[in-house]
Amino acid sequence: MKRLHSTLVLFPTLLFWNIHSHAQCFSISLVTQAQVDSFLPTYGCTVIEGQLIISSENVTNLNGLSALTQVGALSISYTSLTDLSGLESMTAIVGELNFYEN
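Values in this document were obtained by computation on a predicted structure and should not be read as measured data. By convention here, each chain's residues receive numbers from 1 onward along its written sequence. Note on the predicted model: pLDDT of at least 70 is required for a residue's local features to be given, and 80 or more for side-chain atom pairs to be given and counted; whole-chain, interface and lining totals, by contrast, use all residues. In computing side-chain properties, one takes all heavy atoms of the structure into account and sets aside hydrogens as well as water.

## Points about the overall build of the chain
What counts, and what does not: Only DSSP runs of H or I with at least four residues qualify as helices, and only runs of E with at least two residues qualify as strands; both kinds are numbered from the N terminus onward. Partly exposed residues are those whose accessible area sits between 20% and 50% of the maximum for their type, while under 20% is buried and over 50% is exposed, using a 1.4 Å probe and protein chains only. Two residues qualify as a contact provided that any one of their heavy atoms is within 4.5 Å of a heavy atom in the partner residue. Surface accessibility follows the Shrake-Rupley procedure with a 1.4 Å probe radius. Residue values consider only the protein chains on display as shielding.
Along its length, the chain carries three helices and six strands. Starting at the N terminus and ending at the C terminus, the chain contains elements arranged as α-β-β-α-α-β-β-β-β. Considering the chain as a whole, with its 102 residues, one finds that 33% of them fall into the buried category. Residue pairs in contact within the chain that sit at least 24 positions apart in sequence constitute 32% of those at least 6 positions apart. Carbon and sulfur atoms make up 60% of the accessible area of the chain, which amounts to about 6600 Å² in all.

## Quick look at the nonpolar core
For the record, the criterion: We call a set of buried Ala, Val, Leu, Ile, Met, Phe, Trp, Tyr and Cys residues a nonpolar core when their side-chain atoms join them within 4.5 Å.
By size, the foremost hydrophobic cluster in this structure holds 19 residues, and its most contacted members are Ile-48, Leu-52, Ile-54, Leu-62 and Leu-65. Going through the elements one at a time, strand S2 (28-30), strand S3 (47-55) and strand S4 (70-77) are the ones with two or more residues in this core. The contacts of Leu-65, once residues within four sequence positions are left out, are Leu-30, Val-36, Phe-39, Leu-52, Ile-54, Gly-86 and Leu-87.

## Describing the environment of Ile-28
As for its position among the elements, Ile-28 is in strand S2. Sequence-distant contacts of Ile-28, that is, excluding residues within four places in its chain, are made with Phe-39, Tyr-43, Cys-45, Ile-48, Gln-51, Leu-52 and Ile-53.

## Observations concerning the environment of Asp-83
Quick reminder of the rule: Two N or O atoms count as a polar contact when they lie within 3.5 Å, although within protein this holds only if one can serve as hydrogen donor and the other as acceptor, and sequence-adjacent residues are included solely when both atoms are side-chain atoms.
Relative to the assigned elements, Asp-83 resides in the loop between S4 and strand S5 (92-93). Between the C-alpha atom of Asp-83 and that of Thr-60, which follows or precedes it by 23 residues, the distance is 9.1 Å. At a separation of 3.0 Å, a polar atom in the side chain of Asp-83 contacts the main-chain amide nitrogen of Ser-85.

## Focus on the pairing of S3
This is how it is decided: At least two bridges found by DSSP between two strands are what make those strands a pair.
Relative to S3, strand S1 (residues 24-25) runs parallel, the two being bridged by two bridges. The partner of Gln-24 across the bridge, within S3, is Val-47. Relative to S3, S2 is paired through three bridges, and the arrangement is parallel. Bridging across to S3, Ser-29 finds its partner in Ile-53. Note that S3 and S4 share seven bridges and pair parallel. Opposite Leu-52, over in S4, you have Leu-74 as the bridge partner.

In short, the description is geometric, and any link to function would need to be established separately.
Shown next, in the form of structure tokens:
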């Protein structure tokens, strides 16, 4: 009986973790470095179905986006980025990829 109880307690925990670890989001706009840095705790997603827009001169790195694996489209404009570090886990950009005035 004790083993069954442990299994019943563990199963919902694993189910929640599995669903949460593969969360999906829709279009997101990040306009400050603080928003980039807090992306995972704020949105909790690894896939963005719509567009990810990053636009602000104070954005200096994308390290907060390291959990992202896929976006529908990516637009990066008017930032102070010198490289795309932080996007190493990105395996797919389904739609457009745009860079403006960086």
